Amino acid sequence: YRLDELRDNIKIGIIHIANPDLENYANKVLGITYEILYKESVDLKGKFKTVFQKDLPLGFNLLDKYKGKIGIYGFRHTSGASYIGSSKNLWYRLFVSHKSAPFQPSTKPSDFYTHVVENTWDTYSLHILKVLPNHMVRYMKLHSVRELSIEEKQILDYLTDYHITLVEQFYMDYILPS
């Protein structure tokens, strides 16, 4: 449902601004399919490629280069159980939020955090599955644009959200987190 809503907002926005470069750019992002994602994300042995993979808790301390980066991540327990998530700032979400959240009394209990508390981070590995572009930044670089209208910014924000949601759902459908 979220993907359909984002796609509709993008298409409606494109109609109203009449920017052919942005329309072509948006159509390329909207044209990404599971088949394309599978070819990009799975190696010849059928295993998912990762950008970063480290055992925890050490892995939390090696995330500096992911400050402000958008992407999809996963945690895998030694039992095979997994958790998939996404963020517009991987470093913040992983190092600041996830690292301490399971042990904070103010954090709402979730099955994942309960499992972490019961088993500790030592029994998990962290995987950054895919780093995605910030479509506003990427579009501006590709087209040497210095300023965007509010409407163009909104469309590019929607494109980033669409891309994140699509790729996260792809990983959830194929990895089947537990």
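The present account deals with the structure reproduced in this document. Predicted model, so just to flag it, every value in this text is computed and none were measured.

Section: the pairing of strand E4 (residues 124–132)
Every regular strand shows the same layout, with side chains that alternate between the two sheet faces.
Step number 1: Within E4, 8 of the 9 residues are buried, which leaves it mostly tucked inside the rest of the structure.
Step number 2: Where strand E1 (residues 52–55) meets E4, 4 bridges bridge the pair, whose relative direction is antiparallel. In the sheet register, Gln 53 faces E4, and the bridge partner there is His 127.
Step number 3: Where strand E2 (residues 70–77) and E4 come together, 8 bridges link them in antiparallel fashion. Bridge assignment links His 77 to a residue of E4, and that residue is Tyr 124.

Concerning helix H2 (residues 20–30)
Step number 1: Listing the buried residues of H2 in full gives Leu 22, Tyr 25, Ala 26, Val 29 and Leu 30. Buried residues of H2 fall within an arc of 135° about the axis and therefore sit on the same side. Turned more than 90 degrees off the buried face of H2, the exposed positions are Pro 20 and Lys 28.
Step number 2: Contacts from the buried residues of H2 go to helix H1 (2–17), helix H6 (135–142) and helix H7 (150–175).
Step number 3: Its side-chain oxygen 3.1 Å from the backbone nitrogen of Asp 21, Asn 19 forms the N-cap of H2.

What to know about the pattern of salt bridges
Step number 1: What the rule picks out here adds up to 5 salt bridges.
Step number 2: For Lys 88, the salt bridge is made with Asp 161, and the minimal N-O distance between the two is 2.7 Å. Here Lys 88 is found in the loop between strand E3 (82–87) and helix H4 (90–100), whereas its partner Asp 161 is found in helix H7, with 73 residues between them in sequence.
Step number 3: Given a relative accessible area of 18%, Asp 161 falls into the buried group.
Step number 4: Here the salt bridges do not stand alone but share partners, grouping Arg 2, Lys 88 and Asp 161 into one network.

A word on the packing of H2 against H7
Step number 1: One can describe the packing of H2 onto H7 by two numbers: an axis separation of 10 Å at closest approach and a directional angle of 10°. Judged on the interaxial angle alone, H7 and H2 are roughly parallel. In the packing of H2 onto H7, the handedness of the crossing is left-handed. Facing Leu 22, Tyr 25, Ala 26, Val 29 and Leu 30 of H2, the residues of H7 in contact are Glu 152, Ile 155, Leu 156, Leu 159, Tyr 162 and His 163.
Step number 2: Looking at the contact of H2 with H7, its residues break down into 9 nonpolar, 1 polar and 1 charged.

A look at unusual backbone geometry
Step number 1: For the bond from Leu 56 to Pro 57, the omega torsion is 5°, close enough to zero to count as cis.
Step number 2: If you trace the backbone, Pro 57 turns up in the loop between E1 and E2.
Step number 3: If you check the backbone angles, Ala 18 has positive phi at about 50° while not being a glycine.
Step number 4: Among the structural elements, Ala 18 can be located in the loop between H1 and H2.
Step number 5: Judged by relative accessible area, which is 63%, Ala 18 ranks as exposed.

A few points about the sheet that holds E1
Step number 1: Reading across from one edge, E1-E4-E2-E3 is the order of the 4 strands in this open sheet, with antiparallel pairing throughout. Each edge of the open sheet is held by one strand with a lone partner, namely E1 and E3. Averaged over all adjacent pairs, the angle separating strand axes in this sheet is 15°, with direction ignored.
Step number 2: Sheet strands touched by H7: E2, E3 and E4. Its angle to E3, the strand with the most contacts, is close to 170°.

Definitions and limits used
Each chain has its residues counted from 1, running along the sequence as written. Totals for whole chains, interfaces and linings use all residues, but because this is a predicted model, local features are given only for residues with pLDDT of at least 70 and pairs of side-chain atoms are given and counted only at 80 or more. The side-chain values count all of the structure's non-hydrogen atoms but skip hydrogen atoms and water molecules. Residue burial is assigned from relative accessible area. The probe radius is 1.4 Å, only protein chains are included, and a residue is buried under 20% of its type maximum, exposed over 50%, and partly exposed in between. What counts as a helix is a DSSP run of H or I of at least four residues, what counts as a strand is a run of E of at least two, and both are numbered from the N terminus. Pairing between strands is defined by DSSP: at least two bridges between them are needed. As used here, the arc is the angular range of directions from the helix axis to the C-beta atoms. Contacts between residues were defined by any pair of non-hydrogen atoms, one from each residue, lying within 4.5 Å. Each polar contact in these results corresponds to two N or O atoms within 3.5 Å; when the atoms are within protein, one needs to be able to donate a hydrogen and the other to accept it, and residues that are neighboring in sequence are counted only if both atoms are side-chain atoms. Salt bridges are identified by distance alone: a Lys or Arg side-chain nitrogen within 4 Å of an Asp or Glu carboxyl oxygen. Fitted lines through C-alpha atoms serve as axes, helices being fitted only where they are in contact, and the angles separating the N-to-C directions of these axes extend from 0 to 180 degrees. We call two directions roughly parallel when the angle between them is under 35 degrees, roughly antiparallel when it is over 145, roughly perpendicular when it lies between 65 and 115, and oblique otherwise. Crossing handedness is read from the near helix: turned anticlockwise from the far helix by less than a right angle, it gives a left-handed crossing, and turned clockwise, a right-handed one. For this scheme, ten residues count as nonpolar: Ala, Val, Leu, Ile, Met, Phe, Trp, Tyr, Cys and Pro. Four count as charged, namely Asp, Glu, Lys and Arg, and the remainder, Gly too, count as polar.

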